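Given next are the chains, with one letter for each unit.
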Amino acid sequence: MRIVYLGVTHAYTDGRLLHREMATLKRKNPEAELFYVGYASLPHCAANEEERPSDIVNVVDFDGWYPEIARRAWSPFRLLWRFYWWFWRVRKVISLNPDLVQASDVKELPEAFFIGLFSGCRLIYDAHEDYFNQYYEYRGRTLFALLIACYFSFIEILFVRFFECVFCTDEFLQKLYQRSRYGAKKVVLLRNFPPPQLFTKVAKHSNKDHLRLVYSGLVNAYRGVLSCCDYVLQFNEKHSPEKKLSLHLFARPTPLLDKYKDKEAIVYYGWITYPELASRLTDFDVGVALLKRIKKLERNIPTKNFDFMAAGLPLIASNFGNGYEYVKKAQAGICIEPESYAEFEEAVLTLFSLEERERFARNGRTFVEEEASVDKEYEPYVQIMLGKN
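Not measured: the values here are computed from a predicted model.

Caption draft 1: Structural context of the sheet that holds strand E13 (residues 333-336). Taking strand neighbours across the sheet as the criterion, the 6 strands line up as E10-E9-E8-E11-E12-E13 in an open arrangement whose pairing is parallel. Each having just a single partner strand, strand E10 (266-268) and E13 make up the two edges of the open sheet. Strand-to-strand twist of the sheet, defined as the mean angle between neighbouring strand axes without regard to direction, takes the value 25°. Judged from the 3 bridges that link them, strand E9 (residues 244-250) and E10 form a sheet pairing that is parallel. From the neighbouring strand, Leu249 faces E10, where its bridge partner is Tyr268. Together, strand E8 (210-216), E9, strand E11 (286-289), strand E12 (315-318) and E13 form the strand contacts of helix H13 (residues 341-351), whose direction differs from that of E13 by roughly 170°.

Caption draft 2: Spatial organisation of the side chain of Ser246. Tracing the backbone shows Ser246 in strand E9. In this structure the side chain of Ser246 is engaged in a polar contact, spanning 2.8 Å, whose partner is the side chain of His248.

Caption draft 3: Local environment of empty space enclosed by the protein. Counted according to the given criterion, the structure contains 2 cavities of 30 Å³ or more. For the largest cavity, the calculated volume is near 70 Å³. Around the largest cavity, the lining residues are Ala289, Leu291, Leu297, Asn300, Pro302, Asn305, Ala317, Ser318, Phe320, Gly323 and Tyr324. Counting only elements with at least two residues in the lining of the largest cavity, the list comes to E12 and helix H12 (321-330). The space that makes up the second largest cavity amounts to roughly 30 Å³. For the second largest cavity, the full set of lining residues is Tyr215, Arg223, Gly224, Val225, Cys228, Leu247, Val288, Ala289 and Leu290. Within the lining of the second largest cavity, the residues separate by chemical class into 7 nonpolar, 1 polar and 1 charged.

Caption draft 4: A nonpolar patch on the surface, seen in detail. Taken together, the side chains of Leu79, Phe83 and Phe87 make up a nonpolar region of the molecular surface, amounting to roughly 320 Å² of accessible area. For Phe83, the position within the fold is in helix H3 (residues 76-95).

Caption draft 5: Representation of the packing of H12 against helix H14 (residues 354-370) in the model. At a minimum axis distance of 8 Å, the contact between H12 and H14 shows a crossing angle of 105°. The angle between the axes of H12 and H14 places the two elements in the roughly perpendicular class. Residues Tyr326, Lys329 and Ala330 of H12 form the contact with H14, whose own contacting residues are Asn363, Gly364 and Phe367. Its residues placed into classes, the contact of H12 with H14 shows 3 nonpolar, 2 polar and 1 charged.

Caption draft 6: How the structure looks around H3. In this model, H3 (20 residues) spans 29 Å end to end at C-alpha, consistent with the 28 Å of a helix rising 1.5 Å per residue. Listing the buried residues of H3 in full gives Arg78, Trp81, Trp85, Trp88, Arg89, Val90, Lys92 and Val93. Those residues of H3 hidden inside the fold are in contact with strand E1 (2-7), strand E2 (33-38), strand E4 (100-103) and helix H4 (109-119). Note on H3: the residue one or two positions beyond its end, Asn97, has a positive phi of about 55°.

Caption draft 7: Region of interest: the pattern of salt bridges. For the structure shown, the criterion picks out 22 salt bridges. Between Glu137 and Arg141 there is a salt bridge, with its nearest N and O atoms 3.0 Å apart. The buried category is assigned to Glu137, whose relative accessible area is 1%. The network of salt bridges with common partners includes Arg16, Glu21 and Asp126.

Parameters and conventions
Residues numbered from 1 in each chain as written. Predicted model: local features only at pLDDT ≥ 70, side-chain atom pairs only at ≥ 80, totals over all residues. Heavy atoms only, no water. Pairing = 2+ DSSP bridges. Helix = DSSP H or I, 4+ residues; strand = E, 2+ residues; numbered from the N terminus. Axes fitted to C-alpha atoms, helices over the stretch in contact; angles between N-to-C directions. Contact = heavy atoms within 4.5 Å. Polar contact = N/O pair within 3.5 Å; in protein donor to acceptor, adjacent residues only side chain to side chain. 1 Å grid on protein atoms, 1.4 Å probe; cavity = no way out; pocket = protein on both sides within 12 Å on 5 of 7 lines; lining within 4 Å. Points joined across faces, edges and corners; volume = space filled by probe spheres on them. Nonpolar A, V, L, I, M, F, W, Y, C, P; charged D, E, K, R; others polar. Patch = residues over 30% accessible without salt bridge, like charges linked within 9 Å, V, L, I, M, F, W, Y side chains within 5 Å. Areas by Shrake-Rupley, 256 points an atom, 1.4 Å probe, with all protein chains shown as cover. Salt bridge = Lys/Arg side-chain N within 4 Å of Asp/Glu carboxyl O. Parallel < 35°, antiparallel > 145°, perpendicular 65-115°, else oblique. Expected span 1.5 Å × (residues − 1). Buried < 20%, exposed > 50% of the residue type's maximum accessible area, 1.4 Å probe, protein only.

Following this line, the structure appears as structure tokens:
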């Protein structure tokens, strides 16, 4: 069976695409042929990728016209080239003679539809995000952002009905796609639970007067990372040397972090692959995810929360939304108002207690092992992808 994953927005090394969906599918059905066609197919990406997992997926490299101008931020020629690249992807996927094509972003729905129309293959849509609120809120709630967000909603309403199944990452999206205006044939919840084969080690906790906090993922104005940096510096100013914090960041480069680059308590590692992250998380004491109160983040289930639990780390998380519900259910950490330094300080002082850290860490790890398992969660995904359900 040949399955093609489109990746215009998500690289094939994306934690959900490669290490959850592709890896689980390949493990359950080794005979399946998996292909990736998308952004990481381009020459400058293929040359820089640190991970080329040929044993899981075949990355189809771009072999068309690729002028230097195609890499510039904006120009009319770049726009023309993107149309050319779109047609190249459609032709290339059809030439692979796939049995099934998965679109993993709203931007991939039109090309997946045309691929299915001309090749007769089955179509699956894996909705990673609430695309309307993600674009509208992340882009500053401008009129232009609203127009693009409405366009994304229109694309979904127009094309979702032609897909055999919609997989989605949280309960809000599940209810959204079940509404009649989408015409979805089947909607299945597929949460970003951690792959157990990557989290074989757990953190070992001990009495200490220096706690190492860790954050992994995107850094922007809404993810609470900048507030957390300020909180750590403020805590050290008040409590050092008796008690001390450091914040360790695994994230892609951003100018937002420049003002902290000379701060000893803020340690920036850059981006690393998901398997590396899984092995490195056990070096730390507490995971932090202080998301801000915006609609998109109220509905999301942060992947990092489950990763911290799997690594045996207690959490300091936001006290609202879907993420809060899972931390509360697992009893894996302390949930606070993300805009409150006083609540952050109180949570940290609580976690200086070895007994409390070990209790939260044990609860989180148990929750992941018993309820938040990729193998259990992804069984319907494997069955539907292989046409058995």
